[in-house]
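# Close look at the chain arrangement
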Amino acid sequence: IFPGDDSVTIFARSSSTWLPRGEVRTPASTAATAHFSTSGSSLLVSAADGSVTELQMSNGQTSELASANTGHAGHAWAGACRLASGDLARLAVPVESSSQAKFILG
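Below: a short report on this structure. Note that the structure is predicted; figures quoted are calculated from it, not measured.

Definitions and limits used
- Residues numbered from 1 in each chain as written.
- Predicted model: local features only at pLDDT ≥ 70, side-chain atom pairs only at ≥ 80, totals over all residues.
- Heavy atoms only, no water.
- Phe/Tyr/Trp six-rings, centres within 6.5 Å; stacked < 30°, edge-to-face > 60°.
- Lys NZ or Arg CZ within 6 Å of the ring centre and 35° of its normal.
- Salt bridge = Lys/Arg side-chain N within 4 Å of Asp/Glu carboxyl O.
- Helix = DSSP H or I, 4+ residues; strand = E, 2+ residues; numbered from the N terminus.
- Buried < 20%, exposed > 50% of the residue type's maximum accessible area, 1.4 Å probe, protein only.
- Pairing = 2+ DSSP bridges.
- Contact = heavy atoms within 4.5 Å.
- Polar contact = N/O pair within 3.5 Å; in protein donor to acceptor, adjacent residues only side chain to side chain.

For the coordinates displayed, the defined rule picks out zero aromatic pairs. The positively charged end of Arg90 is found above the aromatic ring belonging to Trp77, 5.3 Å away from the centroid.

This paragraph deals with the pattern of salt bridges. Applying the stated criterion to the full structure yields one salt bridge. When the shortest N-O distance is used, the salt bridge between Arg82 and Glu54 registers 3.3 Å. Linking Arg82 in strand S7 (residues 75-82) with Glu54 in strand S5 (residues 52-56), this pair joins segments that are 28 residues apart in sequence. Note on Arg82: relative accessible area 37%, which makes it partly exposed.

Every other side chain in a regular strand lies on the same face of the sheet, so the side chains alternate between the two faces. Counting buried positions along S5 yields four of five residues, so the element is predominantly enclosed. Summarising the sheet, strand S4 (residues 42-47) and S5 pair through five bridges and their orientation is antiparallel. Bridged to Leu43 within S5 is Leu55. Here S4 hands over to S5 after four residues, with Gly50 in that stretch at a positive phi of 95°. Bridge count for S5 against strand S6 (residues 62-66) is four bridges, and the pairing is antiparallel. Residue pairing for S6: Leu55 is matched across the bridge by Thr62. Where S5 folds back on S6, the antiparallel hairpin that results is connected by five residues, among which Gly60 adopts a positive phi of roughly 80°.

The next point concerns the side chain of Ser51. Looking at where Ser51 falls in the secondary structure, it is placed in the loop between S4 and S5. If we ignore the near neighbours within four places in the chain, the residues touching Ser51 are Val45, Ser46, Ala66, Ser67, Ala68 and Arg90.

A separate point is the side chain of Ser42. Within the fold, Ser42 resides in strand S4. Only 3.0 Å separates the side chain of Ser42 from the side chain of Glu54, close enough to count as a polar contact. For Ser42, the contacting residues outside a window of four places in its chain are His35, Phe36, Ser37, Glu54, Leu55, Gln56 and Met57.

The structure is reproduced here in structure tokens:
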């Protein structure tokens, strides 16, 4: 995801070439990162405000997994994943080098 973009292009490998397979709009224009689930069945979209939306690849249905999290000033949201338990984990990385990264559950 590039700053200001509101879509993600999905590529698939065909032989030795990556070809576009489709494009999906992100739920918010403030999307910061996108990550596939380990099974590849959904795309987790982390927004700049810490919220996380899950997009089902099979039908395009979206659901909010986590609402905005404003309790971590000085950090940027670098990603999210589902744990084996089904819970959500988020990574907040420092904007300045004087802070430490934070692993947030939920």
